[in-house]
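Spelled out, the chains give:
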Amino acid sequence: RPPAKPPRDPPPKPPPPPPGSLGWVKFTGNPVLNPGSTGSFDSLKLREPSVLKQSAASYVLWYEGEDLARTKLGRATSTDGITWTKSPSSAVLDVGAAADWDGSTVGSPSVFFDGTTFRMWFTGKNSTGTLRIGLATSTDGILWTKNAANPVLNLGVSGSFDASHVRAPCVI
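What comes next concerns the included structure. (Residues numbered from 1 in each chain as written. Predicted model: local features only at pLDDT ≥ 70, side-chain atom pairs only at ≥ 80, totals over all residues. Heavy atoms only, no water.)

**A closer look at the overall build of the protein**
Stated precisely, the cut-off is as follows: Numbering of helices and strands starts at the N terminus; helices are DSSP runs of H or I of at least 4 residues and strands are runs of E of at least 2. Only protein chains enter the accessibility calculation, which uses a 1.4 Å probe; a residue whose area is less than 20% of its type maximum is buried, one above 50% is exposed, and one in between is partly exposed. Note on contacts: a residue pair qualifies if any of its non-hydrogen atoms lie within 4.5 Å across the two residues.
A count of helices and strands for the protein gives zero helices and eight strands. For the protein, the sequential pattern of α-helices and β-strands runs β-β-β-β-β-β-β-β. In the protein, buried positions account for 37% of the 172 residues. Intrachain contacts of the protein at a sequence separation of at least 6 include 39% that bridge at least 24 residues.

**Topic: the pairing of strand β7 (residues 131-138)**
In regular strands, side chains alternate between the two faces of the sheet. Rule in force here: A pair of strands is considered paired only if DSSP assigns at least 2 bridges between the two.
Among the eight residues in β7, seven count as buried, and that is most of the element. Of the strand pairs in this sheet, strand β6 (residues 118-125) and β7 are connected by eight bridges, and their pairing is antiparallel. Bridge assignment links T123 to a residue of β7, and that residue is I133. The loop that links β6 with its antiparallel partner β7 comprises five residues; one of these, G129, has a positive phi angle of about 90°. Examined bridge by bridge, β7 and strand β8 (residues 145-146) share two bridges and lie antiparallel to one another. Each bridged residue has a counterpart across the sheet, and for A136 the counterpart in β8 is K146. Linking β7 to β8, which pair antiparallel, is a turn of six residues; within it G141 sits at a positive phi near 80°.

**Description of the pattern of salt bridges**
Operational definition: Any Lys or Arg side-chain nitrogen found within 4 Å of a carboxyl oxygen on Asp or Glu counts as a salt bridge.
Counted under the stated rule, the structure contains six salt bridges. A salt bridge links D102 to K146, with the shortest nitrogen-to-oxygen separation between them at 2.6 Å. Here D102 is found in the loop between β4 (85-86) and β5 (105-113), whereas its partner K146 is found in strand β8, with 44 residues between them in sequence. D102 gets classed as buried once you look at its relative accessible area, which sits at 2%.

Written out as structure tokens, the structure reads:
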């Protein structure tokens, strides 16, 4: 029978986070991604990011970009998660036809990559302001195909908490 191993010292405890921070420290170089130039699909606002770390030095971010007319989805890449390059300069997911379930807005992307296919769940808004959740797929994260069965998450029954809107998916 081998001799008993001596007990290990416990690992050192990390220093406590600053009061009120819960361990998060705001990056002093914010914002890391800015609205586009006048006339671009994201000239007014950027919000609702979804980031995937694809390798040690490769990040992809999809975001909601807004101009004066519509909200669409854009894409940016980074090697460090701080310095981002928008690619391409146009939206990667556009609104549907005016009468479609997503004919007014697409936003709130949540992207998952299984090693072969990117899947993006997103919020779509129609002309009356009703929000639902749709799905799009891509092999490269740039060219997306909306699911023919969209919306994939529809409104709940009358009187339920989700009877008027479903939005902002988050897939992990």
